[in-house]
Amino acid sequence: MMTTRIIGTGSALPKKTLTNDELSQIMDTSDEWIRTRTGIVSRHVADEEETAATLAAEAGRRAIDNAGMKPEDIELVLVATCSAENYFPSVGCQVQDILGLKNAAAMDISAACSGFLFALNTAHAYILSGLYEKILVIGTETLSRTIDWTDRSTCVLFGDGAGACVVRSDEEGIIGISQHSDGTQGGVLTSFAPSLETPLAAAAPGSPLYMEGQAVFKFAVKTVPECIRQVLEDNHTEVEDVKYFVLHQANSRIIQSVAKRLKADEEKFPMNLDKCGNTSAASIPILLDEMNRSNKLGRGDLLVLSGFGAGLTWGAALLRW
Ligand code: ACO
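Residues numbered from 1 in each chain as written. Predicted model: local features only at pLDDT ≥ 70, side-chain atom pairs only at ≥ 80, totals over all residues. Heavy atoms only, no water.

1. A closer look at the overall build of the protein
Per the secondary structure count, the protein includes 10 helices and 13 strands. The globule rule puts the C-alpha radius of gyration for 321 residues at 20 Å, and the 19 Å found for the protein is close to it. If one aligns the C-alpha atoms of the protein with their principal axes, the spans along those axes are about 55 × 50 × 40 Å. When the 321 residues of the protein are sorted by exposure, 55% land in the buried category. (Helix = DSSP H or I, 4+ residues; strand = E, 2+ residues; numbered from the N terminus. Rg over C-alpha atoms; globule rule 2.2 N^0.38 Å. Buried < 20%, exposed > 50% of the residue type's maximum accessible area, 1.4 Å probe, protein only.)

Quick look at the structure:
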């Protein structure tokens with residue numbers, strides 16, 4: 001029985017960083033507040049030259065190299081993003097152009113912070129269907145351009161960056177994967193695009209990222225352990241069998257709470273949000289790439305990936321590295 005295996009990873013972070021101390025000089029906040037509430041110390045923020053597409057392309061290039069493939073080997077590019085600078089062409093098509101992926105089809109997927117997991121599941125479905133064998137899956141965000149920099153309750157949380165994985169059909173890899181949505185809860189985490197005036201309707205100004213932090217917090221600490229338990233149970237796997245739980249990097253307190261609810265050792269929950277902040281769809285593949293390149297992952301290790309975010313959306317994957 002064939003499945004989907006991650007065979008290469010890559011990531012790209014903007015050159016510039018913004019620390020909590022620097023933020024505290026431009027708004028009423030402090031390193032102590034941000035660090036203790038979220039675990040974040042610094043984040044990368046895109047400059048004028050860096051976009052969701054340029055970061056995605058760089059992460060994708062590194063993942064293709066890491067997989068030992070050539071650009072022409074890629075048959076499909078799936079890009080998860082909720083902060084692209086343009087409506088079209090898609091980030092996927094821009095990545096295709098930048099990297100010369102001449103044999104690939106390309107498209108974007110929007111599921112906010114669960115985006116990478118949803119894109120991975122889509123790649124898995126394509127591979128199981130036999131339609132494609134080699135797919136580049138990317139999560140990329142420049143949320144710094146969508147947040148209100150005068151709203152201290154949200155702007156301190158996010159960072160920019162991109163992470164990518166090359167996946168291919170193989171005998172080992174994804175064991176089980178789930179994805180869920182609850183559109184009735186959409187109002188707790190929103191961002192509205194502006195629109196121009198039409199002959200029939202006035203212009204809508206758009207609005208920056210709005211979040212009911214405590215509602216999202218409660219949703220995450222309940223649903224993430226539930227969906228992880230479900231994917232483990234469905235595949236006859238115990239929490240103890242899992243080497244690492246690679247969770248969306250939103251808040252260290254959420255991750256600690258998930259570890260506690262699963263009765264799992266916190267050491268099994270790697271984090272990099274101290275230096276990246278919440279990079280939404282990019283956070284899981286950025287962290288995976290960091291772990292891969294520092295030789296933390298061995299062939300055969302069992303990993304759980306889990307994302308959650310706006311929509312609301314959430315999901316989990318159990319896979320063998
Ligand atoms: N600096 C200093 N004080 C602040 C700041 C700040 N940056 N932000 C808010 N405060 C103040 C508030 O004004 C409030 O003050 P008050 O008590 O005088 O009114 C106080 O701190 C407490 O604010 P809360 O919002 O209650 O703080 P909370 O402990 O809930 O932490 C946080 C907020 C960090 C946002 C938390 O709720 C959280 O992490 N939620 C989950 C976010 C998340 O996971 N998002 C993921 C999805 S993102 C996506 O999909 C795009």
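2. Observations regarding the nonpolar core
One finds Ile-228, Phe-245, Leu-247, Val-258, Phe-269 and Phe-308 to be the most contacted residues of the largest nonpolar core, which totals 47 residues. When residues of this core are traced back to their parent elements, those giving at least two are strand 10 (207–211), helix 7 (213–234), strand 11 (244–247), helix 8 (252–261), strand 12 (302–309) and strand 13 (313–320). Excluding its chain neighbours within four sequence positions, the residues that come into contact with Ile-228 are Phe-245, Leu-247, Val-258, Leu-262, Val-304, Ser-306 and Ala-316. The next biggest cluster of nonpolar side chains, apart from the first, holds 31 residues, and it includes Leu-76, Met-291, Leu-297 and Leu-303. (Core = buried A, V, L, I, M, F, W, Y, C linked by side-chain atoms within 4.5 Å. Contact = heavy atoms within 4.5 Å.)

3. Digging into the pattern of salt bridges
As enumerated under the stated definition, the model contains 15 salt bridges in all. Arg-35 is the partner of Asp-31 in a salt bridge, and the nearest nitrogen-oxygen pair spans 3.0 Å. Here the residue Asp-31 and the residue Arg-35 both occupy positions in helix 2 (residues 31–38), the gap between them amounting to four residues, near one helical turn. According to the relative accessible area criterion, Arg-35 is partly exposed, its value standing at 41%. Several salt bridges share partner residues, and in doing so they unite Glu-58, Arg-61, Arg-62 and Asp-65 into one network. (Salt bridge = Lys/Arg side-chain N within 4 Å of Asp/Glu carboxyl O.)

4. As for the sheet that holds strand 7 (residues 161–170)
With mixed pairing, the five strands of this open sheet are ordered in space as 1-7-6-4-5. The sheet is open, and its two edges are formed by strand 1 (3–12) and strand 5 (105–109), each paired on a single side. Averaged over all adjacent pairs, the angle separating strand axes in this sheet is 20°, with direction ignored. Summarising the sheet, strand 1 and strand 7 pair through nine bridges and their orientation is antiparallel. Among the inter-strand pairings, Arg-5 is bridged to a residue of strand 7, identified as Arg-168. Strands strand 1, strand 6 (134–141) and strand 7 of the sheet are contacted by helix 10 (residues 283–293), whose axis makes an angle of about 90° with strand 1. (Pairing = 2+ DSSP bridges. Axes fitted to C-alpha atoms, helices over the stretch in contact; angles between N-to-C directions.)

5. Regarding the packing of helix 7 against helix 8
For the pair helix 7 and helix 8, the least separation of the axes is 9 Å and the interaxial angle reads 40°. Classified by the interaxial angle, the pair formed by helix 7 and helix 8 is oblique. Regarding helix 7 and helix 8, the two cross each other, and that crossing is right-handed. The residues of helix 8 that touch helix 7, namely those facing Phe-217, Ala-220, Val-221, Lys-222, Val-224, Pro-225, Ile-228 and Arg-229, are Arg-253, Ile-254, Ser-257, Val-258 and Arg-261. For the contact of helix 7 with helix 8, the per-class residue count stands at eight nonpolar, one polar and four charged. (Parallel < 35°, antiparallel > 145°, perpendicular 65-115°, else oblique. Left-handed = near helix turned anticlockwise from the far one by under 90°. Nonpolar A, V, L, I, M, F, W, Y, C, P; charged D, E, K, R; others polar.)

6. Details of the pairing of strand 4 (residues 76–80)
Judged by how many residues are buried, strand 4 sits mostly within the fold: five of five residues are covered. Burial of strand 4 is two-sided: the residues Leu-76, Leu-78 and Ala-80 facing one way and the residues Val-77 and Val-79 facing the other way are all buried. For strand 4 and strand 5, the ladder comprises five bridges, and the chain directions are parallel. For Val-79, the partnering residue across the bridge sits in strand 5 and is Asp-108. Once the chain exits strand 4 it traverses helix 4 (residues 91–99) before rejoining the sheet at strand 5, and the crossover so formed is right-handed. (Right-handed = clockwise from strand over helix to strand, strands pointing away.)

7. Quick look at the sheet that holds strand 11
Across the sheet, which stays open at both edges, the four strands sit in the order 8-13-12-11 with mixed pairing between neighbours. Two strands bound the open sheet, and with one partner strand each, they are strand 8 (174–181) and strand 11. Pairwise comparison of adjacent strand axes, ignoring direction, gives a mean angle of 10° for this sheet. Pairing geometry for strand 11 and strand 12, over four bridges, is parallel. Its bridge partner being in strand 12, Phe-245 is matched across the sheet by Val-304. Packed onto the sheet, helix 10 meets strand 11 and strand 12 and runs at close to 140° relative to strand 11.

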